[in-house]
Amino acid sequence: MNSITDVAGIRVGHVQRVGEGWLSGVTVVLPPVGTVGSVDVRGGGPGTHETDALDPTTLVSTVDAVVLTGGSAFGLASAGGAQLWCEEQGRGFAVPGTVVPIVPAAAIFDLGRGGDVKARPGADMGYQAAAAAFASGDHAAVERGNVGAGTGAVVARGQFKGGIGTSSITLEGGVIVGAIAVVNAMGAPVFGAAGPQPSARSLVPPQGLNTTLVVIATNAVLDVAECKRTASAGHAGLARALDPSHTLADGDTVFALATGAVGLDRSTEQARQVSLITLQSAAAEAVRLAILDGVLAAESVSTAAGDFPRYRQAGE
């Protein structure tokens, strides 16, 4: 399906509200139990929750869910709802009497884009998105465009509507690398020499704050340090798809998840390096494709805060 859910066990759930001042939502990526994960944050204005727990030097190596949300720092409250859902399902780090789910989260800035600056996701939307992800089933189609955390996203200094995009790449040996992106960038999408340049790139000032959020998933066996390096590689795809990227006004964040179903060739040190470089190069390309998919899938929106037309390529 050319989506992140081509990786067996990866599920995606969206919840959003539009109208009555709302233009925001939450997306939850729900991996199989035991999935290893890490993160790389490179934007100058990030809004994140529990990302320190994904450092390779910390105690827990697995991730129970990843929450991508609108609402800026306020929207990070949605992670608590996803965490509650995971606890109810017994997903998490075992402690006496319960489990503590590891649920990192990152937010985009979309405050006020529906007209009401206080219309932003909370714990209830996080819970609903986690439940929706589980209910979607394995290998389900992923909704794109104006859904979930991409509901209030914009690109190119607020000139065009952004949204959710996804992609996947299959490598030799059955390794699959997929990505999902929430595209809410200050920068403009880069489709190549034939693509249009936004007319006012150098003239329109940045509209508020921004951020592109990405989750990479693979069925390969990776440890936490290798997931960290894969997340870092994903930022190369982000930089290829958006110009500029990683600015002071962006909170660009890339998560990487490894379900561990397919082993890489580690027969020699050279084979190990080639396998990892090949996978991480594919991760960068999957991110690039997911971001461009998110821009093209987005539909025009008009709210009390303004008009956000869809991005049109040359010839449309």
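These numbers come from a predicted model, not from an experiment.

### Description of a nonpolar patch on the surface
Here is step 1 of the chain: Taken together, the side chains of Leu 59, Phe 93 and Val 100 present a nonpolar region at the surface, about 300 Å² in accessible area.
Here is step 2 of the chain: With respect to the helices and strands, the residue Leu 59 is situated in the loop between strand E4 (48-49) and strand E5 (66-69).
Here is step 3 of the chain: Using a relative accessible area of 72% as the deciding quantity, one classes Leu 59 as exposed.

### Quick notes on the pattern of salt bridges
Here is step 1 of the chain: The tally for this structure, following the rule as stated, stands at seven salt bridges.
Here is step 2 of the chain: Residues Glu 269 and Arg 272 are paired through a salt bridge, measuring 2.9 Å at the closest nitrogen-oxygen approach. A residue pair is termed a helical-turn pair when its members lie 3 or 4 positions apart in one helix, as Glu 269 and Arg 272 do in helix H5 (residues 269-297) at three residues.
Here is step 3 of the chain: The class of Arg 272 is partly exposed, set by a relative accessible area of 28%.

### Notes on the side chain of Thr 151
Here is step 1 of the chain: The topology assignment puts Thr 151 in the loop between helix H3 (123-136) and strand E9 (154-155).
Here is step 2 of the chain: Given the relative accessible area of 1%, Thr 151 is considered buried.
Here is step 3 of the chain: Reaching out from Thr 151, the side chain makes a polar contact with the backbone oxygen of Gly 148 at a distance of 2.7 Å.
Here is step 4 of the chain: Setting aside residues up to four positions removed in sequence, Thr 151 forms contacts with Gln 16, Arg 17, Val 18, Leu 23, Ser 24, Gly 25, Asn 146 and Lys 161.

### Some points on the side chain of Asp 64
Here is step 1 of the chain: Within the fold, Asp 64 resides in the loop between E4 and E5.
Here is step 2 of the chain: Of the buried charged residues, Asp 64 lacks a salt bridge, with Arg 91 as the closest side chain of opposite charge at 5.9 Å.
Here is step 3 of the chain: At 3.5 Å, the side chain of Asp 64 and the backbone nitrogen of Gly 92 are in polar contact.
Here is step 4 of the chain: Among all residues touching Asp 64, those that are not within four sequence positions of it are Leu 30, Pro 31, Cys 86, Arg 91, Gly 92, Phe 93, Val 100, Pro 101 and Ile 102.

### What about the sheet that holds strand E8 (residues 105-107)?
Here is step 1 of the chain: Here five strands make up an open sheet; going across it, the order is E1-E2-E5-E8-E4 and the pairing mixed. This sheet does not close on itself; its edge strands, each paired only once, are strand E1 (11-19) and E4.
Here is step 2 of the chain: Judged from the nine bridges that link them, E1 and strand E2 (residues 22-30) form a sheet pairing that is antiparallel. Its bridge partner being in E2, Gly 19 is matched across the sheet by Trp 22.
Here is step 3 of the chain: Across the sheet, helix H2 (residues 78-88) lies against E2, E4, E5 and E8, angled at about 150° from E5, the strand it touches most.
Here is step 4 of the chain: Sitting on the sheet, H3 is in contact with E1 and E2, with an inclination near 135° to E1.

### Observations concerning H3
Here is step 1 of the chain: Look at H3: 20 Å from first C-alpha to last across 14 residues, which is about the 20 Å you get at 1.5 Å a residue.
Here is step 2 of the chain: The set of residues buried in H3 consists of Met 125, Gly 126, Ala 129, Ala 130 and Ala 133. One face of H3 carries all of its buried residues, which in axial projection span an arc of 135°.
Here is step 3 of the chain: The secondary structure elements touched by the buried residues of H3 are E1, E2 and H2.
Here is step 4 of the chain: Where H3 terminates, the next one or two residues include Gly 137, which has phi positive at roughly 85°.

Rules used in this analysis
- Residues numbered from 1 in each chain as written.
- Predicted model: local features only at pLDDT ≥ 70, side-chain atom pairs only at ≥ 80, totals over all residues.
- Heavy atoms only, no water.
- Patch = residues over 30% accessible without salt bridge, like charges linked within 9 Å, V, L, I, M, F, W, Y side chains within 5 Å.
- Areas by Shrake-Rupley, 256 points an atom, 1.4 Å probe, with all protein chains shown as cover.
- Salt bridge = Lys/Arg side-chain N within 4 Å of Asp/Glu carboxyl O.
- Helix = DSSP H or I, 4+ residues; strand = E, 2+ residues; numbered from the N terminus.
- Buried < 20%, exposed > 50% of the residue type's maximum accessible area, 1.4 Å probe, protein only.
- Polar contact = N/O pair within 3.5 Å; in protein donor to acceptor, adjacent residues only side chain to side chain.
- Contact = heavy atoms within 4.5 Å.
- Lys, Arg positive; Asp, Glu negative; His and termini not counted.
- Pairing = 2+ DSSP bridges.
- Axes fitted to C-alpha atoms, helices over the stretch in contact; angles between N-to-C directions.
- Expected span 1.5 Å × (residues − 1).
- Arc of directions from axis to C-beta.

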